[in-house]
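# Close look at the chain arrangement
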Amino acid sequence: MAPDRSATGAGPAGPALAALVGDVDAFARDHWDRGPLLRRAADLPSGAVTLGLDDIDELLSERALRVPFVRVTSNGTVTPTSVYTSGAGAGASINDQVRDTAVAALLAEGQTVVLQGLHRSHAAVRRFTSALAAELACPVQANAYVTPAREQGFDPHYDVHDVFVVQLAGRKRWRVHEPVHRSPLPDQPWTDHREAVKGRADEEPLLDVVLEPGDVLYLPRGTVHSARSEDGLSAHLTIGVHPPTLHQIARAALDELADDVELRASLPLGTRLDGGSGTEVVRKAMARVLTSLDSVDPQRVARSVAIDVVTATRPDPIAPLAHAQLLTTLDEHTRVVRRRGLLVVIDEGTVRLPEQPVAIAPEERAAVALVLDGAPHSAAELTMLPVEAAVGLVRRLATAGALVAAAG
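One structure accompanies this document, and this report is about it. This one's a predicted model, so the numbers in the text were calculated from it and none came from an experiment.

## A word on unusual backbone geometry
- In this structure, Pro68 follows Val67 across a cis peptide bond, with omega equal to 15 degrees.
- Secondary-structure assignment places Pro68 in the loop between helix 4 (53–62) and strand 2 (70–74).
- One non-glycine residue, Asp33, lies in the positive phi region at around 60 degrees.
- With respect to the helices and strands, the residue Asp33 is situated in the loop between helix 3 (24–30) and strand 1 (37–39).
- The partly exposed category is assigned to Asp33, whose relative accessible area is 34%.
- Positive phi is not limited to glycine here, since Ala137 has a value of about 55 degrees.
- Mapped onto the fold, Ala137 is located in the loop between helix 7 (123–136) and strand 7 (140–147).

## Observations regarding the layout of surface pockets
- The calculated volume of the largest pocket comes to roughly 540 Å³.
- Forming the walls of the largest pocket are 28 residues, and the residues nearest its centre are Arg71, Tyr145, Phe154, His157 and Asp159.
- If one sorts the elements of the lining of the largest pocket by residue count, strand 7 sits on top with 4 residues.
- Its residues assigned to classes, the lining of the largest pocket shows 10 nonpolar, 13 polar and 5 charged.
- Its boundaries defined by the atoms lining it, the second largest pocket holds a volume of some 400 Å³.
- Every residue lining the second largest pocket is counted, 18 residues in all, and those nearest its centre are Pro186, Pro243, Pro244, Thr245 and Gln248.
- Elements with a contribution of two residues or more to the lining of the second largest pocket: helix 9 (246–255) and helix 12 (298–312).

## Digging into empty space enclosed by the protein
- As enumerated under the stated definition, the model contains 1 cavity of 30 Å³ or more in all.
- Forming the boundary of the largest cavity are Pro315, Arg339, Leu342, Leu353, Pro354, Glu355, Ala400 and Gly401.

## Quick word on the pattern of salt bridges
- If you walk through the whole model with that rule in mind, you get 23 salt bridges.
- Across the pair Glu212 and Arg171 runs a salt bridge whose closest N-O atoms are separated by 3.4 Å. Of this pair, Glu212 sits in the loop between strand 10 (207–211) and strand 11 (216–219) while Arg171 sits in the loop between strand 8 (162–169) and strand 9 (172–177), and the two are 41 residues apart along the sequence.
- Given the relative accessible area of 37%, Glu212 is considered partly exposed.
- Classification of Arg171 as partly exposed rests on a relative accessible area of 36%.
- For Glu178, the salt bridge identified is with Arg182, shortest N-O distance 3.4 Å.
- Connected through shared salt-bridge partners, Arg126, Asp316 and Arg340 make up one network.

## Quick notes on the sheet that holds strand 17 (residues 358–359)
- One open sheet accounts for 3 strands, arranged 15-16-17; its pairing is antiparallel. Edge positions in the open sheet fall to strand 15 (345–346) and strand 17, since each of these has one partner strand only.
- For strand 16 (residues 350–352) and strand 17, the ladder comprises 2 bridges, and the chain directions are antiparallel. What sits directly across from Val351, in strand 17, is Val358.

## A short note on the sheet that holds strand 12 (residues 224–229)
- What the 3 strands build is an open sheet, ordered 10-9-12; its pairing is antiparallel. A strand with exactly one partner marks an edge of an open sheet, and here the two such strands are strand 10 and strand 12. The average undirected angle you get between the axes of adjacent strands in this sheet is 20 degrees.

## Topic: a nonpolar patch on the surface
- The grouping of Leu267, Leu273, Val282 and Met286 at the surface amounts to a nonpolar patch, some 370 Å² of accessible area in total.
- Looking at where Leu273 falls in the secondary structure, it is placed in the loop between helix 10 (261–264) and helix 11 (275–293).
- Residue Leu273 is classed as exposed on the basis of its relative accessible area of 51%.

## Here we look at the pairing of strand 7
- The element strand 7 is extensively covered by neighbouring structure, given that 7 of its 8 residues are classed as buried.
- Sheet topology places strand 6 (residues 112–115) next to strand 7; 3 bridges connect them, and they run antiparallel. Within strand 7, the position partnered with Val113 by the bridge is Val146.
- As defined by bridge partners, strand 7 adjoins strand 13 (residues 234–241) across 8 bridges and the pair is classed as antiparallel.

What counts and what doesn't
Residues numbered from 1 in each chain as written. Predicted model: local features only at pLDDT ≥ 70, side-chain atom pairs only at ≥ 80, totals over all residues. Heavy atoms only, no water. Helix = DSSP H or I, 4+ residues; strand = E, 2+ residues; numbered from the N terminus. Buried < 20%, exposed > 50% of the residue type's maximum accessible area, 1.4 Å probe, protein only. 1 Å grid on protein atoms, 1.4 Å probe; cavity = no way out; pocket = protein on both sides within 12 Å on 5 of 7 lines; lining within 4 Å. Points joined across faces, edges and corners; volume = space filled by probe spheres on them. Nonpolar A, V, L, I, M, F, W, Y, C, P; charged D, E, K, R; others polar. Salt bridge = Lys/Arg side-chain N within 4 Å of Asp/Glu carboxyl O. Pairing = 2+ DSSP bridges. Axes fitted to C-alpha atoms, helices over the stretch in contact; angles between N-to-C directions. Patch = residues over 30% accessible without salt bridge, like charges linked within 9 Å, V, L, I, M, F, W, Y side chains within 5 Å. Areas by Shrake-Rupley, 256 points an atom, 1.4 Å probe, with all protein chains shown as cover.

Right, here's the structure in full:
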């Protein structure tokens, strides 16, 4: 059974992406996974995520952030966390909490402060990245970088995911170069090509631009870049996008061959893979694999990759106290709705969710599709099931975090 497309969140990109790139069709055609794009604030619609310096100060001083939600770096060298973390006094002796005074001193020395995982710790960022993840049907993350005047936090490098850079405050100069390793996979970091990256950074850049508040810069994964603040403190948000790849599909297809007993067989005793004979053995094995791939069900591969996306995409948080109350009072009239930002895959006997799967019977599938369609529902509306069975299904989905109380 193929993934339920209506339940995965797949579909045309909407206002969140448009707030970053303007013309979505032109972006998809000319820039996505192809080349950088610069959009000035004046050319973009309103609606992009907002995060001010006051918000960053609050995060660093009042939220009891712990490592790894904050890190500090200067010119590519990461500052040991012991320099800026400690316990927080009586009743809060956990020793990796961020010290606001230490962070202030490090900023004054010229070091860059990175707030990691803002898609989890800041409400406005979370709402925007959740909307973007739903539009793009892939995981999205967000970090903020605060750099003092005329400083550079990182050496030239590339990222293994696509990024949208949103300038929040101050001005920062970006130098962008062609990739040395195009479309890198997550396990192919820039440090594997350190010398090539260093050499590329010495060449004439594709872009040499100064970002001002509200400007957005898109960089496909693998794009070599570096950034240095201008006169004054600079803050920018980096939104990382992790789309599925053809390589991911290929690996999922190969995993489907695990049931082929011939492919699981050992090579003949004493087979050596070095030299010319080894090459011939591999050639024959590859031909056998290619033949076997013809029998792989594309729907099973699609489901496998879709499940990877679901488990890597975090939906909006649940209020534990309110949700516990929902679970204890739920009946056939309780109105529930699909959790915002939730991606799911519905297959023959399972609803695949980020944290845990929910087993379902064949006769429950239509009810699952209805109650997860994004509109408020009650168990009483699931008329394809007896009332008691409908309440039980809603309770199981709510316990797993797929459904929350509907507003009002």
